[in-house]
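# Analysis of the macromolecular model
Here is how the chains run, residue by residue.
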Amino acid sequence: MPEDQDLRVALVGCGNIGLKAHLPAYARIPDVVVVAVCDTDERLVAAAAELTEAVPYTDLADVLSKEDVDIVDICTPPSTHAKLSIQAMEAERHVLCEKPIAHTLEDADAMIESARVNGVKLMIGQTRRFDHRYVAMKEQIDAGRVGQPVFIRRAERQFLPCPADAWYWDPALGGGVILDIGIHVLDLFRWMFGQEPVEVRAVAKAVHQAAQKAAQKAGSFDYAMITCKFADGGIGFAETSWAHPSTFGSGLYASLDVVGTQGKLEYSDRGTNPMLVFDEESGAEFPRYFALMSSTEHAFEAQIVHFLDSVRNGSSFAVDAHDARVALSMALAAQQSAMTDQVVTLPATVAHEDISQENVTLTAIASSSEEISA
Amino acid sequence: MSRIVNIGILGYTHLHAPRYAEGIANHYGARLFGIADAGINAGAARDAARNHGTRFFDSYEDLLDIDVLDAVYLGNEPVYHREVVELATKRGVHILCDKPIATTLEDADAIVEIARVAGVKLMVSFFPRFQLPLMKVKEALDSGDAGELVAIYAVKYGRLPTKAAGPQSADWFLDPELSGGGGFLDIGIHALDALRWLAGSEARQVHAHVGTMIHDEFDVEDFGVATIEFDNGVVGALSAGWANPDGYPTWLDVKFEILTTKQVFLIDKPHHDFVLYTQEGSERQAWLRRDIDEQLSAFIDALVNDREPPITGQDGRAVLQMALAAYESSQTGDTIRLSSLAQTTG
């Protein structure tokens, strides 16, 4: 049961990222309790209620009117982020919202403005920034161990096991690997370089049949190479994929190399894994240590603790909603570059209209693919 | 032609020259017939000739004047390849030319044409095609076992050539007049060839950032990243350059990560190796390195059996064009369509 000093949370969106990442983190953190869970899908919200002592709801308005919550944690599809978070902020609740901040810059701006007007905290889950391996690498960069970083190479690759009619593949609902995974990678570049992006070029493909079907509606990709140039000349290069074999597995998901003027950092999920397991039937496998493929549960925990500290103490965020908006602008620019076969310069002139000229509406991308493969 | 081919080395400047000297000397199908160098590495060439029990020449012509010479390996500065090819073809010897074939498309075209008119075989040296992991990948692609190729993601990082052990001077690498480029060209061109070879298609467009990114004081570029789209839809990307710090445990860092519709190949290094740890640090040492020997075998086979070499002058030219397109993309900020480059420069 909640005690007086506890912060009270409503979790909105009971898909995998909510249930596998956020709920377990709250359970481990003292002085916070999830008192309400909410999803339009009654089956999902029932499952969430079973995992907690929280009261199930199917409408955020009911949560806000009936529950005395301090915080609304939004884990819904991105096209709903603006509506739900603004609804919560107007009811003077602090908001932690999954990435991407929204599916359009207009929505992102409206969210940021709502936080300002209502005097509440808004933080977006750019989780890579709380992941201990990347924090530790960033510390080495900041300590000057590799000199000035000039090139960062990042891969995030997996198989997306969704049928062709899933919204993940549907551009009208914001599908595609660039917005979903690319947004993390582009934010990682900006964070590690400590510079602002000036230019993005992406080359993308629809490899799997499901992606190809969606691609006919334009703009859905399951494989992308993204090059991003930063103000001081640093270059980030990303390979993002949903097109890898289903057996590719979490032990191989990500890699990150940083080339500096005085040294180099190398990380890969494959290289970092201390153990290989052999099985009579399945052969050799890199065992899985974390519930999600792309981030550790400790990263989600650190992210939520950071958010709660700010709510309690009024401290500013290490990664704020503005950072999340920049990440969105970079991902939209990459999507535009891939669709138009052109370099896109930043700060983004990538307004929603520019994209829709290509007969594509970048709308929702529901909670990220990292949960799908979990 | 005899089944034992007499090969001379013209130019001991390229860092591969000592490997080729050793490779030719040890190859059962070849005889190292002499090493000629009149430049900065003449001393190193003389020592190498003595060590291999062959003759040293202080002029290319003197070596080329020997009647029984069948072929030469060109290990001089790429900017001078064309003039040495002119000399060699006059004597009618076959040519194994180290990469890049030249530093301009004009020179590359001239080299291809001179060799064609002279009726000599011209092969360009690219190592990755003769390294065991990539050979396996190529086999799987050619047999259809791997399905369709989707994308290739390659890395080629080396230490600074001027830090190479051995008697050769590598200062010319840092002189744009002699090298025609820097780290991206020097190391990356191997991977550009590998991308094109695996794709089995011509590059359609190139987007790149290449520049003096790591060593501000250099007059040549030292690092670059390029994305290449091929005619058949395959996408390739490469980051390459002199990115390895002195303490890196191997000279060259080579990675190829290849996605097909059925398989993924993750190649972490080009050779089978072991690790040596000393008080100074650690080194990865290759214990099985087939690329020089396989390349020589392919060249010798082309000569003895009158076949087209597996890597032709046209291949060398196409790969140079990709590299130059990467430079042009870096300068203009645009994505370069290869046909337009051919029209403006070729």
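Conventions we followed
Residues numbered from 1 in each chain as written. Chains lettered and ligands numbered in written order. Predicted model: local features only at pLDDT ≥ 70, side-chain atom pairs only at ≥ 80, totals over all residues. Heavy atoms only, no water. Patch = residues over 30% accessible without salt bridge, like charges linked within 9 Å, V, L, I, M, F, W, Y side chains within 5 Å. Areas by Shrake-Rupley, 256 points an atom, 1.4 Å probe, with all protein chains shown as cover. Salt bridge = Lys/Arg side-chain N within 4 Å of Asp/Glu carboxyl O. Lys, Arg positive; Asp, Glu negative; His and termini not counted. Charge placed at Lys NZ, Arg CZ, Asp CG, Glu CD. Helix = DSSP H or I, 4+ residues; strand = E, 2+ residues; numbered from the N terminus. pLDDT = per-residue confidence, 0-100. Contact = heavy atoms within 4.5 Å. Expected span 1.5 Å × (residues − 1). Buried < 20%, exposed > 50% of the residue type's maximum accessible area, 1.4 Å probe, protein only. Pairing = 2+ DSSP bridges. Axes fitted to C-alpha atoms, helices over the stretch in contact; angles between N-to-C directions. Buried area = accessible area lost by both parts, 1.4 Å probe. Polar contact = N/O pair within 3.5 Å; in protein donor to acceptor, adjacent residues only side chain to side chain. Disulfide = S-S within 2.5 Å.

### Details of a negative patch on the surface
- A grouping of A:Asp279, A:Glu280, A:Glu281 and A:Glu285 is seen on the molecular surface, where their side chains present a negatively charged patch.
- Relative to the assigned elements, A:Glu285 resides in strand E14 (residues 283-285).

### So, the confidence of the model for chain B
- Residues of chain B with pLDDT of at least 70 account for 98%, and the chain-wide mean is 93.
- Long-range and interchain partners of residues 340-346 of chain B, a stretch whose pLDDT sits below 50, account for 10 contacts in this model, where long-range means more than four residues apart.

### A short note on helix H5 (residues 105-118) of chain A
Residue and element names in this part refer to chain A.
- The end-to-end C-alpha distance of H5, which contains 14 residues, comes to 20 Å, matching closely the 20 Å that a straight helix rising 1.5 Å per residue would cover.
- For H5, every residue scored as buried is listed here: Leu105, Ala108, Met111, Ser114 and Ala115.
- Residues of H5 that are buried make contact with helix H4 (81-90), strand E5 (94-98), strand E6 (122-125) and helix H11 (321-340).
- Directly beyond the C-terminal end of H5, a positive phi value near 65° is found at Gly119.

### Looking at the sheet that holds strand E7 (residues 149-157) of chain A
Residue and element names in this part refer to chain A.
- Taken together, seven strands build an open sheet; the order of strands is E12-E11-E7-E10-E9-E8-E15 and the sheet is mixed. A single partner strand is all that each edge strand has here, and the edge strands are strand E12 (264-268) and strand E15 (344-345).
- By the bridge criterion, seven bridges tie E7 to strand E10 (residues 235-241) in an arrangement that is parallel. Note on E10: the bridge partner recorded for Glu156 is Thr240.
- Across the sheet, helix H6 (residues 132-142) is in contact with E7, strand E11 (254-260) and E12; its angle to E12 comes to roughly 175°.
- On the sheet, H11 packs against strand E8 (197-205), strand E9 (223-230) and E15 and is oriented at approximately 50° with respect to E8.

### A few points about the interface of chain A and chain B
- Counting from both sides, the interface comprises 37 residues of chain A and, opposite them, 37 residues of chain B.
- Buried surface at the junction of chain A and chain B, summed over both partners, amounts to about 3000 Å²; 62% is from carbon and sulfur atoms.
- Counting the contacts that link chain A with chain B gives four salt bridges.
- A salt bridge links A:Asp341 to B:Arg337; the shortest N-O distance between them is 3.1 Å.
- For the interface between chain A and chain B, the tally reads 13 residue pairs in polar contact (both at pLDDT 80 or more).
- Only E7, E8, E9, E10, E11 and E12 of chain A provide two or more residues apiece to the side of chain A that touches chain B.
- With six residues, the top contributor of residues to the side of chain A that touches chain B is E7(A).

### Overview of the state of the cysteines
Residue and element names in this part refer to chain A.
- Enumeration according to the criterion identifies zero disulfides over all chains in this entry.
- For Cys14, which is in no disulfide, the shortest distance to another cysteine sulfur is to Cys38 and amounts to 7.2 Å.
- The buried category is assigned to Cys14, whose relative accessible area is 1%.

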